[in-house]
Amino acid sequence: LAPHLRDVSGDAGQLQQVLMNLGLNARQAMGDTGTLTVTTENLPVHGGSPFDNGGPAVRLTVADTGCGIPPAEQQRIFEPFVTTRADEGGTGLGLSTAYAIVHRHGGEITVDSAPGQGARFRVVLPVG
């Protein structure tokens, strides 16, 4: 985790729920073995910021070495009730809940993944 991480404004319980949902999603994707990596970093103030005001932000990245997400599924991954694990008890609400919480806090969440390559979820929240 980054030293001297900037503060973000938000509901601590809801932001913990985002981290929990991303971690549970990773665990399901990895099965019995794999690596889950959580990193944080301060993003600089510049015009390339994901926020209209170009202000500073904090990024949380949750990466796993799981099965990965096919491109067609990535387009819908944050929609409610979309799951690739219905036969294993998945409800399809974890990622949609994370998405809703992040957006309520003025942030954004994205995913980079490929089948067999794991997944990397990035949550960017404005400093507040």
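Nothing here was measured: the structure is a model prediction, and the numbers come from that model. (Residues numbered from 1 in each chain as written. Predicted model: local features only at pLDDT ≥ 70, side-chain atom pairs only at ≥ 80, totals over all residues. Heavy atoms only, no water.)

Moving on to the side chain of Thr61. Structurally, Thr61 is set in strand 2 (residues 57–64). Not counting residues up to four positions away in its chain, the partners in contact with Thr61 are Thr37, Val38, Thr39, Arg120, Phe121 and Arg122. (Helix = DSSP H or I, 4+ residues; strand = E, 2+ residues; numbered from the N terminus. Contact = heavy atoms within 4.5 Å.)

To continue, consider the side chain of Asn21. Among the structural elements, Asn21 can be located in helix 1 (residues 12–30). Classification of Asn21 as buried rests on a relative accessible area of 11%. Other than its neighbours up to four places away in sequence, Asn21 contacts Gly94, Thr97 and Ala98. (Buried < 20%, exposed > 50% of the residue type's maximum accessible area, 1.4 Å probe, protein only.)

Another point: the environment of Leu36. Note that Leu36 resides in strand 1 (residues 36–43). The spacing of Leu36 and Asp64 is 28 residues in sequence and 4.6 Å in space, taken between C-alpha atoms.

Our focus in this paragraph is the pairing of strand 4 (residues 119–126). As paired elements, strand 2 and strand 4 share eight bridges and run antiparallel to each other. When the bridges of strand 4 are listed, Val58 appears paired with Leu125. Strand direction decides the pairing type here: strand 3 (residues 108–113) and strand 4, joined by six bridges, are antiparallel. Paired with Val111 across the two strands is Phe121, which belongs to strand 4. Two successive antiparallel strands, strand 3 and strand 4, enclose a turn made up of five residues, where Gly116 displays a positive phi of approximately 75°. (Pairing = 2+ DSSP bridges.)

Axis separation between helix 1 and helix 3 (residues 94–104) bottoms out at 9 Å; the angle between their running directions is 150°. Judged by the angle between their axes, helix 1 and helix 3 are roughly antiparallel. Between helix 1 and helix 3 the crossing geometry is left-handed. Taken together, the residues of helix 3 that come into contact with helix 1 (itself represented by Gln14, Leu15, Gln17, Val18, Asn21, Leu22 and Asn25) are Gly94, Leu95, Thr97, Ala98, Ile101, Val102 and Arg104. (Axes fitted to C-alpha atoms, helices over the stretch in contact; angles between N-to-C directions. Parallel < 35°, antiparallel > 145°, perpendicular 65-115°, else oblique. Left-handed = near helix turned anticlockwise from the far one by under 90°.)

Attention shifts here to helix 1. The terminal C-alpha atoms of helix 1 lie 27 Å apart, and with 19 residues this matches the ideal 27 Å at 1.5 Å per residue to within 8%. Listed as buried for helix 1 are Val18, Asn21, Leu22, Gly23, Asn25, Ala26, Ala29 and Met30. Structurally, helix 1 contributes buried residues whose contacts are with strand 1, strand 2, helix 3, strand 3 and strand 4. N-cap assignment for helix 1: the residue whose side-chain oxygen lies 2.9 Å from the backbone N of Gly13 is Asp11. The first or second residue beyond helix 1 is Gly31, which carries a positive phi of 70°. (Expected span 1.5 Å × (residues − 1). Polar contact = N/O pair within 3.5 Å; in protein donor to acceptor, adjacent residues only side chain to side chain.)

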